[in-house]
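Descriptive structure summary
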Number of protein chains: 2
Amino acid sequence: MDVAGYIEDDRERFLAALKEWLAIPSVSGDPARAGDVRRSAEWLAAYLRGQGWPTVEVWETGGLPAVFAEWPAADPAAPSVVVYGHHDVQPVEPLEEWDTDPFEPVERDGRLYGRGTSDDKGQVFFHTLGVRAGMAASGAAAPPVTVKLLVEGEEESGSVHFAELLRAHRDRLACDAVVISDTTMWSADVPSMCTGMRGLTEAELTLHGPDTDLHSGSFGGAVPNPLHAMAALLAALHDEQGRVTLPGFYDDVIPLTGEERELFARLPFDEASWLETAGNSLAAAGEAGYTTLERIWARPTAEVNGMWGGHTGPGGKTIVPRSAHAKLSFRLVAGQDPVKVQAQFEKWVEANTPPGVRAQVTIPGGGVRPCFSPIDSPGVAAARRAMERAFGTEVLFTREGGSGPEADLADILDAPLVFVAVGLNDDRIHAPNEKVETRLLLKGAEAAAYLWDELSEALR
Amino acid sequence: MDVAGYIEDDRERFLAALKEWLAIPSVSGDPARAGDVRRSAEWLAAYLRGQGWPTVEVWETGGLPAVFAEWPAADPAAPSVVVYGHHDVQPVEPLEEWDTDPFEPVERDGRLYGRGTSDDKGQVFFHTLGVRAGMAASGAAAPPVTVKLLVEGEEESGSVHFAELLRAHRDRLACDAVVISDTTMWSADVPSMCTGMRGLTEAELTLHGPDTDLHSGSFGGAVPNPLHAMAALLAALHDEQGRVTLPGFYDDVIPLTGEERELFARLPFDEASWLETAGNSLAAAGEAGYTTLERIWARPTAEVNGMWGGHTGPGGKTIVPRSAHAKLSFRLVAGQDPVKVQAQFEKWVEANTPPGVRAQVTIPGGGVRPCFSPIDSPGVAAARRAMERAFGTEVLFTREGGSGPEADLADILDAPLVFVAVGLNDDRIHAPNEKVETRLLLKGAEAAAYLWDELSEALR
Ligand SMILES: [Zn+2]
Ligand SMILES: [Zn+2]
């Protein structure tokens with residue numbers, strides 16, 4: 001029996017088990033649900049044992065538990081792959097906007113509805129079927145690579161203990177690649193793989209002027225106004241080309257390759273509808289020389305998220321205000337280091353603050369590193385082949401604007417990331433009526449089955 | 001008997017009467033004190049009748065009453081002069097910071113303490129003595145010009161009915177000059193006259209971007225950020241020389257004359273101490289080519305008084321915000337028209353708002369016109385001679401940064417303004433322990449007595 005046939009045969013059993021798991025309300029953000037998150041971990045562990053995984057463990061953290069399972073390859077020289085996902089889910093409020101109970105999953109019109117169907121229990125679960133289907137098709141008693149499943153329980157509440165968990169188990173998690181199944185494809189008709197996520201660093205800037213608000217009749221025009229200084233600084237943060245002006249900001253950026261740009265361009269992207277999701281009067285704008293998709297996926301940004309100072313209440317108040325404030329964030333891409341960018345920003349502010357104004361920069365935390373795997377890297381190339389076998393069509397590439405625990409996986413496990421996922425942007429993850437396309441979930445299982453073959457060749 | 005001798009003789013009676021008036025708590029900003037403001041008007045009217053003024057009337061307004069008194073010159077061809085002051089006073093809170101009761105005026109160390117001693121009852125009152133002293137010295141039964149005293153009752157609460165009052169009585173207030181006695185001199189040792197007050201116009205600017213706050217992971221770098229647009233706009237409001245960039249902004253400005261600049265420069269101005277009143281780390285800054293005094297008195301400004309948008313609460317929020325806001329005010333000088341500047345600002349915003357951002361400008365009211373009388377104009381030159389006779393020393397010139405009802409007087413009565421006042425910047429008007437230097441009050445009376453002589457020549 002081939003992989004596709006096995007999956008077709010197993011479909012009902014697979015969905016029935018998934019629904020059982022989905023019924024456990026493992027909302028990590030709700031302290032009252034901590035017991036449910038634990039139940040969810042234990043359910044998964046029991047299921048994996050039932051499926052024959054030789055090693056299954058519930059790993060404690062300072063918070064909510066993760067599940068680890070390992071199925072070693074027969075050949076001790078075969079590569080090892082960590083598969084990452086999470087078993088906790090987002091809160092379900094507002095509950096009244098759900099058409100059916102978020103924790104009583106139902107199939108309807110080829111879709112499975114319920115909290116966690118797409119993000120991320122459904123996507124974790126297709127790997128369990130993929131491993132079995134692959135072994136059934138090959139007749140082997142073990143996958144061709146050592147598969148290490150790591151299913152986190154705190155992703156939706158910030159993965160606060162995740163780096164610590166990775167460091168504590170670094171030896172057992174040693175691997176040649178990390179497969180992430182917690183993202184999306186371009187669309188149901190256009191299978192695609194993500195190759196990177198932007199990182200992030202934030203900063204708060206305060207400019208101090210006079211000791212108190214001054215009357216502008218007496219002082220206006222003869223002393224520096226911190227709001228003017230703030231406007232000048234923030235206006236100077238971008239040049240006429242929309243490029244960020246911090247010296248050195250682009251030095252470490254890994255440029256887009258011609259191939260990646262060409263593949264991005266083949267995605268059926270309707271810029272007008274995309275702009276409509278943001279607001280009707282909006283025009284696309286950003287760094288010159290790049291398309292919208294390139295700008296949001298593969299180019300770094302500096303963004304002012306908030307700004308305030310002086311009189312902001314009703315009516316007028318003719319003052320030279322004592323201070324001005326801004327909150328900024330920088331989206332970072334492949335190659336950039338948040339800590340380095342923080343230093344660049346601090347230095348730039350110091351160099352550009354006018355006399356009579358005192359600048360103060362606060363950096364809240366170390367930021368999030370970007371992550372990136374080139375299209376032609378062995379892991380990505382292998383996963384691309386597996387996806388193309390499953391979907392029977394060309395696979396395109398995307399990146400993602402946001403970022404989660406992926407950078408920690410890449411850095412602490414020191415392994416390349418490979419994103420294999422079948423979620424869609426309209427799955428309404430984090431919103432009422434979350435769903436997954438059942439057909440895509442099964443395609444995911446099929447791709448996962450081929451993936452071990454492809455990776456066993458590619459990573460050897 | 002000469003003017004100075006008459007004033008010396010009358011000193012105790014003058015101060016006793018003034019104290020009686022000061023004891024009436026005519027706080028126009030406090031609705032509970034409306035009766036006291038009326039009492040204050042009636043007290044002044046009765047006093048003026050007692051002093052022999054041929055016409056004395058209490059003028060009603062939509063709010064609190066003013067007092068009008070007229071002493072016609074014997075010669076029907078003599079010029080007429082309106083003397084403006086106000087009989088209402090500022091609130092006295094915080095009361096516990098007063099060393100003595102604000103409404104029980106006391107003399108101590110050559111000063112008279114109490115609310116209204118300097119602003120403005122004391123300065124109105126020296127005119128009553130000045131008129132009598134002048135007539136006593138000349139032996140005439142009437143002053144050499146027709147003196148029309150107009151004492152407002154709502155100055156400290158915004159002069160809301162003042163323009164209406166002026167229009168209603170325009171004929172009776174017809175005059176060749178308006179003498180304003182509601183300002184200050186440079187210092188007790190450096191008598192000076194004000195020649196102008198800056199005007200004001202305000203504007204609120206809103207920039208609209210996306211329909212809602214957008215996630216910067218998904219949109220950042222590819223759509224316009226209204227905070228960036230606001231920073232760029234406000235940064236472009238001044239050029240490198242600190243000049244306001246609105247096209248036409250300086251077109252109507254009456255430039256400083258060499259004489260006025262030279263006289264400003266002779267004022268003993270200690271820029272370091274002035275800066276210390278604003279804040280220690282401050283440096284003077286403003287339009288290139290002008291001194292600090294020229295900048296605050298005689299040059300127009302654009303000032304951002306407040307600015308806000310996006311996330312301003314604790315922590316970070318990685319958004320492209322939907323809108324940005326700013327409140328601005330423009331200080332205007334001699335020759336400028338607030339309504340014209342408002343139009344210049346609106347046009348400039350329209351021309352400089354980037355695509356994808358929608359700008360909205362709100363103008364709260366018509367603004368305040370600047371007022372100005374050149375040093376060599378007949379009224380100012382006459383008052384300068386009167387002040388120099390009284391003080392026995394050279395009189396210098398200042399302007400003031402703020403502005404009150406003066407522009408209405410100049411415009412509606414269509415007459416030049418002449419500022420004759422003896423208040424000091426350390427009189428603590430609007431603060432606890434307001435005082436006036438008794439010696440200066442009497443010098444004010446003396447200058448007022450000479451003023452009618454000088455003006456009768458100058459304005460004929
Ligand atoms: Zn997820
Ligand atoms: Zn006053």
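Shown above is the structure to which this text applies.
Residues numbered from 1 in each chain as written. Chains lettered and ligands numbered in written order. Predicted model: local features only at pLDDT ≥ 70, side-chain atom pairs only at ≥ 80, totals over all residues. Heavy atoms only, no water.

1. With respect to a negative patch on the surface
Residues and elements named next belong to chain A. On the surface, a cluster of negative charge is contributed by Asp30, Glu93, Glu96 and Glu97. Along the polypeptide, glutamate 96 turns up in the loop between β3 (80–86) and β4 (106–108). The class for glutamate 96 is exposed, based on a relative accessible area of 68%. (Patch = residues over 30% accessible without salt bridge, like charges linked within 9 Å, V, L, I, M, F, W, Y side chains within 5 Å. Areas by Shrake-Rupley, 256 points an atom, 1.4 Å probe, with all protein chains shown as cover. Salt bridge = Lys/Arg side-chain N within 4 Å of Asp/Glu carboxyl O. Lys, Arg positive; Asp, Glu negative; His and termini not counted. Charge placed at Lys NZ, Arg CZ, Asp CG, Glu CD. Helix = DSSP H or I, 4+ residues; strand = E, 2+ residues; numbered from the N terminus. Buried < 20%, exposed > 50% of the residue type's maximum accessible area, 1.4 Å probe, protein only.)

2. A closer look at the packing of aromatic side chains
All names here are of chain A. All chains considered together, the criterion is met by 36 aromatic pairs over all chains. Geometrically, the ring pair formed by tryptophan 43 and tyrosine 47 is stacked, given 5.3 Å between the ring centres and 10° between the ring planes. Separated by four residues within a single helix, tryptophan 43 and tyrosine 47 lie in helix α2 (residues 34–50), roughly one turn from each other. Using a relative accessible area of 15% as the deciding quantity, one classes tyrosine 47 as buried. (Phe/Tyr/Trp six-rings, centres within 6.5 Å; stacked < 30°, edge-to-face > 60°.)

3. Quick notes on the coordination of the zinc ion (ligand 2)
All names here are of chain B. Every protein donor of the zinc ion (ligand 2) is listed here as His86 (NE2), Asp119 (OD), Asp182 (OD) and Asp182 (OD), and their distances to the metal cover 1.8 to 2.7 Å. Between the four donor atoms coordinating the zinc ion (ligand 2), the angles at the centre fall across 51 to 144°, so the site counts as irregular. Read from N- to C-terminus, the donor residues coordinating the zinc ion (ligand 2) fall into the pattern H-x32-D-x62-D. With a gap of 96 residues between them, histidine 86 in strand β3 (residues 80–86) and aspartate 182 in the loop between β7 (177–180) and β8 (192–197) connect regions that are remote in the sequence. Of the two residues, histidine 86 and aspartate 182, neither departs from the other in class, the shared state being buried. (Donors = N, O, S within 2.8 Å, 3.2 Å for Na, K, Ca; no water. Tetrahedral: all angles 85-135°; square planar, octahedral: opposite > 155°, others 65-115°.)

4. Quick notes on the coordination of the zinc ion (ligand 1)
All names here are of chain A. Donor atoms from the polypeptide that bind the zinc ion (ligand 1) are His86 (NE2), Asp119 (OD), Asp182 (OD) and Asp182 (OD), placed at 1.9 to 2.7 Å. In primary sequence terms, the donor set of the zinc ion (ligand 1) follows H-x32-D-x62-D. One end of the pair, histidine 86, is in strand β3; the other, aspartate 119, is in the loop between β5 (111–113) and α3 (121–138), with 33 residues separating them in the sequence.

5. Quick word on the sheet that holds β5 of chain A
Residues and elements named next belong to chain A. Strand order in the open sheet formed by three strands is β4-β5-β18, with antiparallel pairing between adjacent strands. Two strands lie at the open edges of the sheet, namely β4 and β18 (435–437), each paired on one side alone. Strand-to-strand, the axes of this sheet are offset by a mean angle of 25°, without reference to chain direction. When β4 meets β5, the two strands line up antiparallel, connected through three bridges. By the bridge assignment, arginine 108 is partnered in β5 with arginine 111. Along the sheet face, helix α1 (residues 3–22) touches β4 and β5 and points at about 20° away from the line of β5. Those strands touched by helix α13 (residues 438–458) are β4, β5 and β18, and its axis lies near 65° from that of β18. (Pairing = 2+ DSSP bridges. Axes fitted to C-alpha atoms, helices over the stretch in contact; angles between N-to-C directions. Contact = heavy atoms within 4.5 Å.)

6. Details of the interface of chain B and chain A
Each partner contributes to the interface: chain B provides 71 residues, whereas chain A provides 71 residues. Surface buried jointly by chain B and chain A totals about 5,000 Å² across both partners, of which 57% is contributed by carbon and sulfur atoms. Of all residues in chain B, Glu303, Asn305 and Met307 of chain B bury the most surface against chain A, accounting for 13% of the area lost on that side. Across the chain B-chain A interface, the total number found is zero salt bridges. Put simply, chain B and chain A have 32 residue pairs in polar contact (both at pLDDT 80 or more) between them. (Buried area = accessible area lost by both parts, 1.4 Å probe. Polar contact = N/O pair within 3.5 Å; in protein donor to acceptor, adjacent residues only side chain to side chain.)

7. Structural notes on the relation of the copies chain B and chain A
Once chain B is rotated about the relating axis by 180° and shifted along it by 0.1 Å, it coincides with chain A to within an RMSD of 0.1 Å. Both copies are brought into coincidence by an operation consistent with a two-fold rotation axis. Comparing interface residues between copies, 100% of those in chain B also lie at the interface in chain A; the contact surface is shared. (Least-squares fit on C-alpha atoms with pLDDT ≥ 70 in both.)

8. Overview of the pairing of β7 of chain B
Residue and element names in this part refer to chain B. Where burial is concerned, the two faces of β7 agree: the one with Ala177 and Val179 and the one with Val178 and Ile180 are both buried. For β3 and β7, the ladder comprises four bridges, and the chain directions are parallel. Note that in β7 the partner of tyrosine 84 across the bridge is isoleucine 180. As defined by bridge partners, β7 adjoins strand β17 (residues 417–419) across three bridges and the pair is classed as parallel. From the neighbouring strand, valine 179 faces β17, where its bridge partner is valine 418.

9. A short note on the sheet that holds strand β15 (residues 371–372) of chain A
Residue and element names in this part refer to chain A. Ordered in space as β15-β8-β16, the three strands form an open sheet in which the pairing is mixed. Unpaired on one side and paired on the other, β15 and β16 (396–400) mark the two borders of the sheet. As defined by bridge partners, strand β8 (residues 192–197) adjoins β16 across four bridges and the pair is classed as parallel. Paired with serine 192 across the two strands is leucine 396, which belongs to β16. Set on the sheet, helix α7 (residues 258–265) makes contact with β8, β15 and β16; between it and β16 the angle comes to about 95°.

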